[in-house]
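# Survey of secondary and tertiary structure
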Amino acid sequence: MLAAVRTFAAVLTAACLAAGAWAQDGPRRIDITQGNLQPMPIAVPNFLGDDSREEKIGADIATVISNNLARSALFAPKDPASFIERIRDADVQPRFADWRLINAEVLLVGKADVTAENRLQVSFRLWDVFGQQQLVGLRFETTPENWRRIAHQVSDRIYERLTGEQGYFDTRIVFIAESGDKLQRVKRLAIMDQDGANPVFLTNGEHLVLTPRFSPTSQQITFLSYASGRPQVYLFNIETGRQEILGDFPGMTFAPRFSPDGAQVLMTLEQNGNSDVWVMDLRTRQRRQLTSAPAIDTSPSMAPDGRQIVFNSDRGGSPQIYVMNADGSNVRRITFGEGRYSTPVWSPRGDLIAFTKQLRGQFYIGVIRPDGTGERIIADGYQIEGPTWSPNGRVIMYQSETRGVGGRAEVRSVDLTGFNERRVPTPGDASDPAWSPLLD
Amino acid sequence: MKFKIAAAIGAAAMIAACASKPEEVVATPSTGTTAPAGPTAGSVGDFQQTSGDRVFYAFDSYALTGEARNSLSQQAAWLQAYPSVKIQVAGNCDERGTREYNLALGARRANAAKDYLVGLGIDPSRITTISYGKERPVDPRSSEEAWSLNRNAHTVIVSGAVS
């Protein structure tokens, strides 16, 4: 099997490695719907190489994979100092007894090979130590500078094999990089890998920019910029760097978000102080007004099936979350709990809506079913807001800002279970994270 | 910029009439015998000193308070006196709201102030509005006092003032 993997940066190809006589059944499967479960112990020795350059790449790949898996909290990479067997050939069955002895349930072996044509070939095999069988084996090919993407793709294959869910490591985060003190904050559009590597600034900080969101289908970002002198929704092409104002609207446009098919952008248009939800078709540039209440209607987000839109409105007297059909009909309120609700974001799985909630001076990130049942808080803090879903709907990132004059802004992530909250590394202060789809 | 902020905070203190520190309003170097103290008539500084350039709102509200109406009336009187001046009213919010909701709320505040000025006879073509949501605080603290200052409509002269 040869699978062509389309990427923006370079073409990666993946090929299955023969499993030999070993069956492809699994070890125990990780149930990622449970919080706080026992992480699966995994051994990730450095990928092998024939010379120092290949060995360096191999070690770097193993480190990135190990870090990805550890951050997920579903895996517990073993300390390499505890390894007994020293892997010398990535294509030979390992000495399972040696890995059982250190309680590694699964073992990842791989090698890196830079060809005469300066192509990087990386192959790996994931072994079930106790079942003594190969779980997955693949070979990737790309350019040597693209080694991190391979590490992320290998991580995704491991995650998928052992959880039964799509991975999310080969993804990027678009966000707002912040600098300067609170009264003269400089904000720049920026992008980085999901693990914080390869940060790149996309705007120079001259103009205020806010709330970037990834296209689910193309290398495009929609965001809010004050570059023209008034706040307007822009499109940004990551590959070309080209920016354009999205639509010539007679007022402020803000709170943009792509539809799940990438063909439309939902946004808010403010005219004479009143904000309503609109939708624009990116191909025809036709636009349609979806709400018309004399209230704040903003932060629209479309369900993955495209049939419903969730949004934020204060039409009932305080900011709450409402769901309507995609044509604007059948509006109903879904939040009735104590507090103020905003920034609803529909899960890519469709079953939940993430939101920001404020109650008695504290902020929360929570999730609720589209019918308004099952509200659950998964993170809290002073001034946390703006959830964004991993493409598999299992992890949420959000921004967190500390109180006061020296308030720092950072991006945090938490599992849908409410466990495994951690800071996402960013170059300096950061806010408004938005997760990309899987790159491949 | 620093001056503007100091003036705004001073104005707020006066409006709130809480007798805290009205001495911060403007520095008045009135020792010499040359020109009279204070900004040139018709200048940005004159506008700020005469009428104040910010009005303040309650939490999640865009209703104009009595003080806000008074201040806007003074702004309108000044703008009547200098008819070539054009202004932009910027709506601002405190940090206790989400970014997008606050952009909408800031727009409401700016428009509430604009509508009041128009109601007092100022030609709407002289007034534009903009919302900065919670992006342009004047007091960086996270306290009731700071939040009350950060919930405002800020009138900025964009052209036509005496320099």
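Residues numbered from 1 in each chain as written. Chains lettered and ligands numbered in written order. Predicted model: local features only at pLDDT ≥ 70, side-chain atom pairs only at ≥ 80, totals over all residues. Heavy atoms only, no water.

### Side note on the overall build of chain B
Of regular secondary structure, chain B possesses 5 helices and 4 strands. Helices (α) and strands (β) of chain B occur, in sequence order from the N terminus, as α-α-β-α-β-α-β-α-β. Relative to its full complement of 163 residues, chain B shows a buried share of 51%. As displayed, chain B offers around 7100 Å² of accessible surface, 57% of which is attributable to carbon and sulfur atoms. (Helix = DSSP H or I, 4+ residues; strand = E, 2+ residues; numbered from the N terminus. Buried < 20%, exposed > 50% of the residue type's maximum accessible area, 1.4 Å probe, protein only. Areas by Shrake-Rupley, 256 points an atom, 1.4 Å probe, with all protein chains shown as cover.)

### A look at unusual backbone geometry
All names here are of chain A. Phi is positive for asparagine 118, close to 60 degrees, though the residue is something other than glycine. For asparagine 118, the location among the structural elements is in the loop between strand S5 (106–114) and strand S6 (120–128). A relative accessible area of 38% places asparagine 118 in the partly exposed class. Positioned with a positive phi, arginine 360 is a non-glycine residue whose angle comes to about 45 degrees. Along the chain, the position of arginine 360 falls in the loop between strand S24 (353–359) and strand S25 (362–368).

### As for the nonpolar core
Core analysis: the largest hydrophobic core is formed by 46 residues, its most contacted members being Ile65(A), Phe75(A), Leu108(A), Leu126(A), Ile158(A) and Leu162(A). In terms of residue count, helix H3 (residues 147–163) of chain A provides more of this core than any other element does, 7 residues in total. Leave out the neighbours within four places in its chain, and Ile158(A) touches Ile42(A), Ile65(A), Leu69(A), Phe75(A), Leu108(A) and Leu126(A). Counting residues in each nonpolar core, the second largest holds 20 residues, with Phe47(B), Val55(B), Leu79(B) and Ala110(B) among its members. (Core = buried A, V, L, I, M, F, W, Y, C linked by side-chain atoms within 4.5 Å. Contact = heavy atoms within 4.5 Å.)

### Structural notes on H3(A)
An α-helical turn contains 3.6 residues, so a residue and the one three or four places further along point in the same direction. All names here are of chain A. Spanning 17 residues, H3 covers 24 Å between terminal C-alpha atoms, matching the ideal 24 Å at 1.5 Å per step. Counting buried positions over the 17 residues of H3 gives 15, a clear majority of the element. Two residues or fewer after H3 comes glycine 164, characterised by a positive phi angle close to 80 degrees. (Expected span 1.5 Å × (residues − 1).)

### Comments concerning the layout of surface pockets
Residues and elements named next belong to chain A. A volume near 530 Å³ is recorded for the largest pocket. Around the largest pocket, the lining is made up of 25 residues, and of these Phe214, Pro216, Pro348, Trp389 and Trp435 lie nearest the centre. Counting residues per element, the ones that place at least two in the lining of the largest pocket are strand S11 (209–214), strand S15 (252–258), strand S19 (297–302), strand S23 (340–346), strand S27 (384–389) and strand S31 (429–435). For the lining of the largest pocket, the per-class residue count stands at 15 nonpolar, 8 polar and 2 charged. (1 Å grid on protein atoms, 1.4 Å probe; cavity = no way out; pocket = protein on both sides within 12 Å on 5 of 7 lines; lining within 4 Å. Points joined across faces, edges and corners; volume = space filled by probe spheres on them. Nonpolar A, V, L, I, M, F, W, Y, C, P; charged D, E, K, R; others polar.)

### Examining empty space enclosed by the protein
Following the criterion strictly, the structure yields 4 cavities of 30 Å³ or more and no others. Its boundaries defined by the atoms lining it, the largest cavity holds a volume of some 210 Å³. Lining of the largest cavity is provided by 17 residues; of these, Lys182(A), Glu401(A), Lys134(B), Glu135(B) and Pro137(B) occupy positions nearest its centre. Residue classes in the lining of the largest cavity are distributed as 3 nonpolar, 3 polar and 11 charged. Lining the second largest cavity we find 14 residues, and of these Arg71(A), Tyr168(A), Val395(A), Ser413(A) and Arg422(A) sit closest to its centre. Within the residue set of the lining of the second largest cavity, elements represented by two or more residues are helix H1 (52–72), strand S28 (395–401), strand S29 (409–415) and strand S30 (422–424) of chain A. Partitioned by chemical class, the residues of the lining of the second largest cavity number 6 nonpolar, 4 polar and 4 charged.

### As for the interface of chain B and chain A
Contact with chain B, which involves 30 residues of that partner, is made by 44 residues of chain A. In this assembly, chain B packs against chain A so that about 3000 Å² is buried in total across both faces, 55% of it on carbon and sulfur atoms. Three residues, Arg99(B), Glu100(B) and Tyr101(B), lead the burial of chain B against chain A; their summed loss comes to 24% of the area buried on that side. Here chain B is connected to chain A by 7 salt bridges. A salt bridge links Arg213(A) to Glu100(B), with the nearest nitrogen and oxygen atoms 2.6 Å apart. If you look at where chain B meets chain A, you find 20 residue pairs in polar contact (both at pLDDT 80 or more). Broken down by secondary-structure element, the contributors of at least two residues to the side of chain B that touches chain A are helix H4 (99–119) and strand S3 (127–133) of chain B. Partitioned by chemical class, the residues of the side of chain B that touches chain A number 14 nonpolar, 5 polar and 11 charged. (Buried area = accessible area lost by both parts, 1.4 Å probe. Salt bridge = Lys/Arg side-chain N within 4 Å of Asp/Glu carboxyl O. Polar contact = N/O pair within 3.5 Å; in protein donor to acceptor, adjacent residues only side chain to side chain.)

### Quick word on the packing of H1(A) against H3(A)
Residue and element names in this part refer to chain A. Two elements in contact, H1 and H3, have axes separated by 9 Å at closest approach and are oriented at 45 degrees. The angle between the axes of H1 and H3 places the two elements in the oblique class. The crossing of H1 and H3 is right-handed. Packed against H1, whose contacting residues are Ile57, Asp60, Ile61, Val64, Ile65, Asn68 and Leu69, the element H3 presents Trp147, Arg148, Ala151, His152, Val154, Ser155 and Ile158 at the interface. Split by residue class, the contact of H1 with H3 holds 9 nonpolar, 3 polar and 2 charged. (Axes fitted to C-alpha atoms, helices over the stretch in contact; angles between N-to-C directions. Parallel < 35°, antiparallel > 145°, perpendicular 65-115°, else oblique. Left-handed = near helix turned anticlockwise from the far one by under 90°.)

### Some words on the confidence of the model for chain A
For chain A, per-residue confidence averages 93 on the pLDDT scale, and 94% of positions sit at 70 or higher. In the predicted structure, residues 1–11 of chain A sits below a pLDDT of 50 and forms 30 contacts with residues beyond four places in sequence or in another chain. (pLDDT = per-residue confidence, 0-100.)

### Remarks on the pattern of salt bridges
Within this structure, the stated rule accounts for 34 salt bridges over all chains. A salt bridge links Glu244(A) to Arg242(A), with the nearest nitrogen and oxygen atoms 4.0 Å apart. A salt bridge links Asp297(A) to Arg315(A); its shortest N-O distance comes to 2.9 Å. Of this pair, Asp297(A) sits in strand S19 while Arg315(A) sits in the loop between strand S20 (308–313) and strand S21 (320–325), and the two are 18 residues apart along the sequence. Within the structure, one salt-bridge network assembled from shared partners comprises Glu178(A), Arg185(A), Lys187(A), Arg408(A), Asp429(A), Asp432(A), Arg99(B) and Glu135(B).

### Quick notes on the packing of helix H2 (residues 44–51) of chain B against helix H3 (residues 66–81) of chain B
Residues and elements named next belong to chain B. As a packed pair, H2 and H3 sit with axes 9 Å apart at the nearest point and diverge in direction by 145 degrees. Crossing handedness for the pair H2 and H3: right-handed. For the pair H2 and H3, contact is made by Asp46, Phe47, Thr50 and Ser51 and by Ser71, Gln74, Gln75 and Trp78, respectively. Classifying every residue of the contact of H2 with H3 gives 2 nonpolar, 5 polar and 1 charged.

### Concerning the pairing of S24(A)
All names here are of chain A. For S24, the tally of buried residues reaches 7 of 7 residues, placing the bulk of the element in the interior. Here S24 shows a buried face lined by Ile353, Phe355, Lys357 and Leu359 and a second buried face lined by Ala354, Thr356 and Gln358. Relative to S24, S23 runs antiparallel, the two sharing 5 bridges. In the sheet register, valine 345 faces S24, and the bridge partner there is alanine 354. Between S23 and S24, which pair antiparallel one after the other, the connecting turn spans 6 residues, and glycine 350 there sits at a positive phi close to 90 degrees. Summarising the sheet, S24 and S25 pair through 7 bridges and their orientation is antiparallel. Opposite leucine 359, over in S25, you have glutamine 362 as the bridge partner. (Pairing = 2+ DSSP bridges.)

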